[in-house]
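An overview of the molecular structure
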Amino acid sequence: MDILSVEKRLSLVRFRIHEKPHIVIDVSKCEECDYKVCVKACPAGLFSIDDEGRLHFNYEGCFECGTCRIVCPNEAISWEYPPGGFGVSLGFG
Ligand code: SF4
Ligand code: SF4
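Brief notes about the site of ligand 1
Every residue lining ligand 1 is accounted for by Cys30, Cys33, Lys36, Val37, Cys38, Cys72, Pro73, Asn74, Ala76 and Ile77. Counted by class, the shell around ligand 1 contains eight nonpolar, one polar and one charged residues.

Thoughts on the nonpolar core
One finds Ile23, Ile25, Phe47, Leu55, Cys68, Ile77 and Trp79 to be the most contacted residues of the largest nonpolar core, which totals 14 residues. Contributions of two or more residues to this core are made by β2 (23-25) and β5 (77-79). Setting aside anything within four residues of it in sequence, one finds Ile23 in contact with Phe57, Cys62, Cys68, Ile77, Ser78 and Trp79.

Considerations on the site of ligand 2
Taken together, 14 residues surround ligand 2, and among them Cys42, Cys62, Cys65, Gly66 and Cys68 come closest. In the shell around ligand 2, the residues fall into eleven nonpolar, two polar and one charged.

Rules of the game
- Along each chain, numbering runs from 1 in the same order as the chain's sequence is written.
- Both sets of labels track the order of writing: A upward for chains, 1 upward for ligands.
- Per-residue local features of the predicted model are confined to residues with pLDDT of at least 70, and side-chain atom pairs are confined, for both listing and counting, to 80 or more; whole-chain, interface and lining totals are unaffected and use all residues.
- As a rule here, side-chain values cover all heavy atoms of the structure and leave hydrogens and water aside.
- Residues are classed as near a molecule or strand on a simple rule: at least one heavy atom within 4 Å of it.
- Each residue is assigned to one class: nonpolar for Ala, Val, Leu, Ile, Met, Phe, Trp, Tyr, Cys and Pro, charged for Asp, Glu, Lys and Arg, and polar for all the others, Gly among them.
- The criterion is simple. A nonpolar core is a set of buried Ala, Val, Leu, Ile, Met, Phe, Trp, Tyr and Cys residues joined through side-chain atoms within 4.5 Å.
- Here the term buried applies to any residue with accessible area under 20% of the maximum for its type, exposed to any over 50%, and partly exposed to those in between, with areas from a 1.4 Å probe on protein chains only.
- Only DSSP runs of H or I covering at least 4 residues are called helices, and only runs of E covering at least 2 are called strands; the numbering of each starts at the N terminus.
- Contact definition: two residues touch when any of their heavy atoms are within 4.5 Å.

Now the structure itself:
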């Protein structure tokens with residue numbers, strides 16, 4: 001079996017987006033968060049900070065790795081898997 005490059009593997013990733021977010025952020029907790037570790041921890045780059053320091057998040061494109069929930073020090077993240085048939089799917093070439 002051939003070893004696939006990271007770029008090739010990522011090109012095989014597909015998302016089927018459910019209208020109901022499977023991750024919900026309690027942004028009131030984010031306002032007091034000094035480190036905002038979610039921004040650097042998310043491998044999909046789905047968290048960002050705007051010029052006013054507010055957190056923004058888009059659940060579309062989530063790899064469902066669970067890292068954000070684990071690293072958040074304020075338990076601000078409500079996390080569940082998307083309903084069956086939705087979310088990320090990984091191709092194998
Ligand atoms: S680490 Fe948690 S509390 Fe801090 S900004 Fe991210 S989601 Fe909000
Ligand atoms: S589960 Fe993983 S990919 Fe999805 S938002 Fe959290 S850190 Fe990012």
